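Residues per chain, in single letters:
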Amino acid sequence: MTVNTWFAEKMGNHGIHSTYLEDHHPAHMPCLEIRLIDWSSAAQLARQLDMRFTALWAAEGGKHDEHLRYAYMVFAHPKHRHVMLRAALRENEPAVSSISEHFIAAMRMERVIQEMFAIEVSGIPDPRPWLKHEHWPADAHPLCGDFAADTVMPRCPGEYPFIKAEGSGVYEIPVGPVHAGIIEPGHFRFLAVGEHILNLEQRLGYTHKGIEKRLQGQQAEQAIHLASRASGDMTVAFGWAFARAVEAAAGVVIPARASALRAILCERERMANHIGDIGAICNDASFAFMHAQMQRLREDMARLHKQLFGHRLLMDLIKPGGVSVDLNAEQNLLLRQQTSALAIEVESLRSIYADHSGMQERVIGSGPVSLEEAISIGMTGYAGRASGIYVDERVEEAYPPYDRLNVRIPEGRDGDVATRVWVRFEEIAESARLIETLLGDLPDDDLCSAWQAPDAGVSGLACIESWRGEIVCWVRFGNQGRIDRCTLHDPSEVNWLGLELAVRHVPLPDFPLNNKSFNCSYSGNDL
Amino acid sequence: MSLSMTLWVLNLAQAALMVLAAPLLAGIIQKCKARLQNRRGAPILQPYRNLLKLFGKEALLAENASWIFRTTPYVLFTTTALAASVVPVFLVDLPSALIADVIAMAALLALARFWLALAGMDIGTAFGGMGASREMTFSAMAEPAMLMSMFVMSLGAHSTNLSTMVQHALHLDHLLPSVAFALAALLMVAIAENGRIPIDNPSTHLELTMIHEAMILEYSGRHLALIEWASQIKLLLFATLIISLFVPWGIAESPAIQPVLAALVFWFGKVVLLAVALAVLETGLAKIRLFQVPEYLSTAFVLAFLGMLVHYILEVGA
């Protein structure tokens, strides 16, 4: 494949020198090394070229440059695809300049490299820790190489400085991290006057599992189990992203049957989660009927998954090189029948939802995020599509098998709860169509290619459209096929900001409805 | 046994019935809602089991909870039970109705609410204060609407004594338009006062959307049991009030065994019908936006007011 030189040329025109790194794959998503002083201007150029920001992370050097630390950032252009930029940091007192003035979504990731790698991010508007809680020792930087994974950290009393507001009648409402319902832990700090929300501040980081640290040193075959648990409800997509990244690094091409099966699993996951969430959104407006019906449909899906694949949530079915499950003709028919029956049932429930004036009254106009706001933070997935950002990796990257499918993207405009629900209904129908197309024409070849880990120092990047949005995964190999560094980026990292924007216009009791319409992952945000 | 003694015994029996049957009503509504959502649902007797469970659990108190917080469950339960004892259930002529009329009944409920709001604020959590603020805001509109709709009935009966009002309603020889207005208003108020959909959702877990539940989030054990029980009694009280004032047919006028038993059956049947109607309503509706609740309650008030106007225009002197 030819090397994508588009961004390198653009940078060259602006006086930013870059070097193409040979040991990074795939070539159409190149990794370019730039000088540290050009870091911020490269981000500025990306903004000028209407690229979107997808991820930022740091890594210690690999085989030949262990003593160094690098900062990475990824931008994507609808036509010219992804480009990864890397800059080597100074050995003593590593620092990098903040790019949050160009891409606000980068700020939380910058806060993460600051606390996890002890890299100073100069000019960052909000230097507070993000995932590392105040009760951890200040000098503990868990992702640094000299920090042993089994370190027991003492509990140090600390306090997180929340944003304050003053004035008569202003009050704070702390919500969480322990919630009354069965949801993930997260803290929301509302500043409110009466029932009006002045500001919502999110405090996440209650689900830290040390996944990135734990992945280091594992073989890809084992690591995929952990990587696909970054966020349990997106397990297929995370597994696929990880598999695709290591396959890109190793130059392994998977059989067409394997990629079709992966897509079938991924689309089933999309359907199941959209169905469950739509029910939950209706339940948040106390329309319990829809909740009960949608739960039933989701349960039907989980049971068939158990029957066909041995796991209700489709965990551990993807492995480097292919998949570990197959469908025979009979199972194929069963899956097709259920998918089309589901699509019909969802459509009939959709008409009940759409005709329910009380429900519509609640969702229409609630929590709008305008296109400008959505672009400024780089919203992705259904939340982005509801606001007018029609980005979908299944169309843009068109990784197999989507290259032979014509994925239709629902185009929302209003960016409110109603539109987010609408997009999800549309995606359920589209996923059902894709599954039927794939099952109707399942290629007849192997399930798995031979897996052979690449040489030390080789890295791969992959982007997969999960049901929440774009997942970015980057993996670099070390000696003996062990993973040297792996980073996974959940779309929620960006979309959480969308929720903060959306609720500025809603009264307090409408927050749960909005929160559910975004349904960002807590776990995926906090590896 | 003298007649007045018999009446007092029956009155006490009636009050005990209201208190003991209240969880059953909650169970019936829950079961109906579950069936309407195509779920199997918990057994009808589940609310009794829940109360039993809560009474057996330790009551935890917040560190800074004062005596207000500790007393409120008892005040709440007592006032609600007392209010329930003045409503005619199966017998019209109640001695307790002479002690407390409909205004006193409303005042008892208001007293309970006042204590609950205080308790919500007592422990100093954001949710307690939020719930108390919402509850008091809405009750300021719900109470006038409730009293107004009652007054429509008392205008005809020339009394605020519930026994007299029920007796009057029982002997109406034709339907009065003012009564229809009062009924509509009271139904709307009853839904709001008891925190049912579309105003509040008693089964939600979302703290930010709560009104009534937000005030009692910190309660546990026997305290919570008493509060939940009081809510169930309140619901049965409103159901019985609506039945006795608007569809009293079948209620006993003399303390003889046969009419009383017949009245019990009638009352039970009507309560079940109301429970089913409430379940249907709650299944079919979503919650309205918080800022629409005042509109809803002022609609109830206007309906009650129209009932009063209609009474003067069409019914007085006719």
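This structure is a prediction, so every number in the text was calculated from the model and none was measured.

The rules we used
Residues numbered from 1 in each chain as written. Chains lettered and ligands numbered in written order. Predicted model: local features only at pLDDT ≥ 70, side-chain atom pairs only at ≥ 80, totals over all residues. Helix = DSSP H or I, 4+ residues; strand = E, 2+ residues; numbered from the N terminus. Rg over C-alpha atoms; globule rule 2.2 N^0.38 Å. Buried ≥ 20, exposed ≤ 12 C-beta atoms within 10 Å, placed from the backbone. Contact = placed C-beta atoms within 7 Å. Pairing = 2+ DSSP bridges. Axes fitted to C-alpha atoms, helices over the stretch in contact; angles between N-to-C directions. Domains from an automatic or database assignment. pLDDT = per-residue confidence, 0-100. Parallel < 35°, antiparallel > 145°, perpendicular 65-115°, else oblique. Left-handed = near helix turned anticlockwise from the far one by under 90°. Expected span 1.5 Å × (residues − 1). Core = buried A, V, L, I, M, F, W, Y, C linked by C-beta atoms within 7 Å. Nonpolar A, V, L, I, M, F, W, Y, C, P; charged D, E, K, R; others polar.

**Student:** Lay out the overall build of chain B in plain terms, naming residues and giving numbers.
**Tutor:** When helices and strands are tallied, chain B shows 12 helices and 0 strands. Taking 2.2 N^0.38 as the reference for a compact globule, 318 residues should give roughly 20 Å; the C-alpha atoms of chain B span a radius of gyration of 19 Å, in line with that estimate. With respect to the three principal axes, the spread of C-alpha positions in chain B is 60 × 45 × 45 Å. The 318 residues of chain B split such that 49% are buried. Here the analysis covers contacts within chain B between residues at least 6 apart in sequence; of these, 81% occur between residues at least 24 apart.

**Student:** Can you explain the overall build of chain A? Please cite residues and give values.
**Tutor:** Looking only at helices and strands, chain A has 16 helices and 16 strands in total. For chain A, whose C-alpha radius of gyration is 23 Å, the value lies close to the compact-globule estimate of 24 Å for 527 residues. Taking the principal axes of its C-alpha atoms as reference, chain A extends roughly 70 × 60 × 50 Å. Burial status across chain A gives 53% buried among its 527 residues. Across chain A, contacts joining residues at least 24 apart in sequence account for 68% of those joining residues at least 6 apart.

**Student:** I'd like a description of the environment of Thr207(A), backed by residues and values.
**Tutor:** All names here are of chain A. Checked against the element boundaries, Thr207 lands in the loop between β11 (196-203) and α4 (211-215). Assessed through the 18 C-beta atoms surrounding it within 10 Å, Thr207 is described here as partly exposed. In the structure, Thr207 is positioned 76 residues away from Leu131 in sequence and 9.0 Å away in space, judged by C-alpha atoms. In this view, Thr207 contacts Glu184, Pro185, Tyr522, Ser523 and Asp526; residues no more than four positions away in its chain are not counted.

**Student:** Quick one: what's the story with the sheet that holds strand β5 (residues 69-77) of chain A, residue by residue and with numbers?
**Tutor:** Residue and element names in this part refer to chain A. Pairing is mixed in the open sheet, where 5 strands are placed in the order β1-β3-β6-β5-β4. What marks the edges here is a single partner per strand, and that holds for β1 (18-20) and β4 (52-60). The average undirected angle you get between the axes of adjacent strands in this sheet is 25°. Note that β4 and β5 share 8 bridges and pair antiparallel. Bridged to Glu60 within β5 is Arg69. In the packing of helix α3 (residues 106-117) onto the sheet, the strands contacted are β4 and β5, and the crossing angle to β4 comes to about 5°.

**Student:** Go over the domain arrangement of chain A with me, naming the residues and quoting the values.
**Tutor:** Parsing chain A into structural domains produces domain 1 (3-122), domain 2 (167-209 + 492-527) and domain 3 (253-449). With centres defined by C-alpha atoms, the gap from domain 1 of chain A to domain 2 of chain A works out at 30 Å.

**Student:** Describe the interface of chain A and chain B, with residues and values.
**Tutor:** On the side of chain B, 22 residues touch chain A, which itself brings 24 residues to the contact. Of all the secondary-structure elements, those providing two or more residues to the side of chain A that touches chain B are β9 (170-175), α8 (288-309), α10 (357-363) and α16 (511-518) of chain A. Here the side of chain A that touches chain B gets 5 residues from one element, more than from any other, and that element is β9(A).

**Student:** Can you lay out unusual backbone geometry for me, pointing to particular residues and giving the numbers?
**Tutor:** Residues and elements named next belong to chain A. A cis amide bond, omega -5°, links His25 with the succeeding residue Pro26. With respect to the helices and strands, Pro26 occurs in the loop between β2 (24-25) and β3 (31-34). In this structure, the amide linkage connecting Pro400 to the following residue, Pro401, adopts the cis form with an omega of 5°. Its identity as a non-glycine residue notwithstanding, Glu93 has a phi of 50°, on the positive side. Within the fold, Glu93 resides in the loop between β6 (81-88) and β7 (95-97). Positive phi is not limited to glycine here, since Ser286 has a value of about 65°. The topology assignment puts Ser286 in the loop between α7 (256-284) and α8.

**Student:** How would you explain the confidence of the model for chain B if you had to name every residue and give the values?
**Tutor:** In this model, chain B carries a mean pLDDT of 93, and residues with pLDDT of at least 70 account for 99%. The secondary structure element of chain B with the lowest average pLDDT is helix α4 (residues 96-99) of chain B, at 84, and the one with the highest is helix α2 (residues 46-55) of chain B, at 97.

**Student:** Provide a residue-level description of the packing of α7(A) against helix α14 (residues 417-440) of chain A, including the pertinent values.
**Tutor:** Residue and element names in this part refer to chain A. Taken N-terminus to C-terminus, the directions of α7 and α14 make an angle of 150°; their axes are 9 Å apart at the nearest point. Relative to α14, α7 is oriented roughly antiparallel. Where α7 crosses over α14, the two elements pack in a sense that is left-handed. Across from Ala260, Ala263, Ile264, Glu267, Arg268, Arg270, Met271, His274, Ile275, Asp277, Ile278 and Ile281 in α7, the residues of α14 making contact are Val421, Arg424, Phe425, Glu427, Ile428, Ser431, Ala432, Leu434, Ile435, Leu438 and Leu439.

**Student:** Which residues make up the pairing of β5(A), and what values go with them?
**Tutor:** Residue and element names in this part refer to chain A. Burial analysis of β5 places 8 of its 9 residues in the buried class, the great majority of the element. Where β5 meets β6, 8 bridges bridge the pair, whose relative direction is antiparallel. The residue bridging Phe75 from the neighbouring strand is Val83, located in β6. What sits between β5 and β6 in their antiparallel hairpin is a turn of 3 residues.

**Student:** Quick one: what's the story with helix α9 (residues 329-355) of chain A, residue by residue and with numbers?
**Tutor:** Residues and elements named next belong to chain A. A rise of 1.5 Å per residue sets the reference length of α9, with its 27 residues, at 39 Å; its end C-alpha atoms lie 39 Å apart and thus fit the reference within 8%. Among the residues of α9, Leu335, Thr339, Leu342, Val346, Leu349 and Tyr353 are the ones counted as buried. Buried residues belonging to α9 abut α7, α8, α10 and α14.

**Student:** I'd like a rundown of the sheet that holds β9(A), residues and numbers included.
**Tutor:** Sheet strands pair by backbone hydrogen bonding; their relative direction is either parallel or antiparallel. All names here are of chain A. A sheet is described by the order of its strands in space; here 3 strands give the open sequence β9-β10-β11, paired in antiparallel fashion. The open sheet has two edge strands, β9 and β11, and neither has a second partner. On average, each strand axis in the sheet is inclined to that of its neighbour by 20°, with strand direction left out of account. Here β9 runs beside strand β10 (residues 187-193); their pairing, made up of 6 bridges, is antiparallel.

**Student:** Let's hear about the nonpolar core: which residues, and what values?
**Tutor:** Membership of the largest hydrophobic core comes to 260 residues, with the highest contact counts inside it found for Ala241(A), Ala245(A) and Ala185(B). Ranked by residues supplied to this core, first place goes to helix α10 (residues 221-246) of chain B with 15 residues. Those residues within four positions of Ala241(A) in sequence are excluded, and the remaining contacts are Ala462(A), Ile464(A), Ile471(A), Cys473(A) and Leu488(A).

**Student:** Before we move on, could you go through the packing of helix α7 (residues 162-170) of chain B against α10(B) and cite the residues and values that matter?
**Tutor:** Residues and elements named next belong to chain B. For the pair α7 and α10, interaxial distance at closest approach is 7 Å and the crossing angle is 50°. It follows that α7 is oblique to α10 by the angle criterion. For the pair α7 and α10, the contacting residues are Met165, Val166 and Ala169 in the first and Ser244, Leu245 and Phe246 in the second. Taken together, the residues that form the contact of α7 with α10 break down as 5 nonpolar, 1 polar and no charged.

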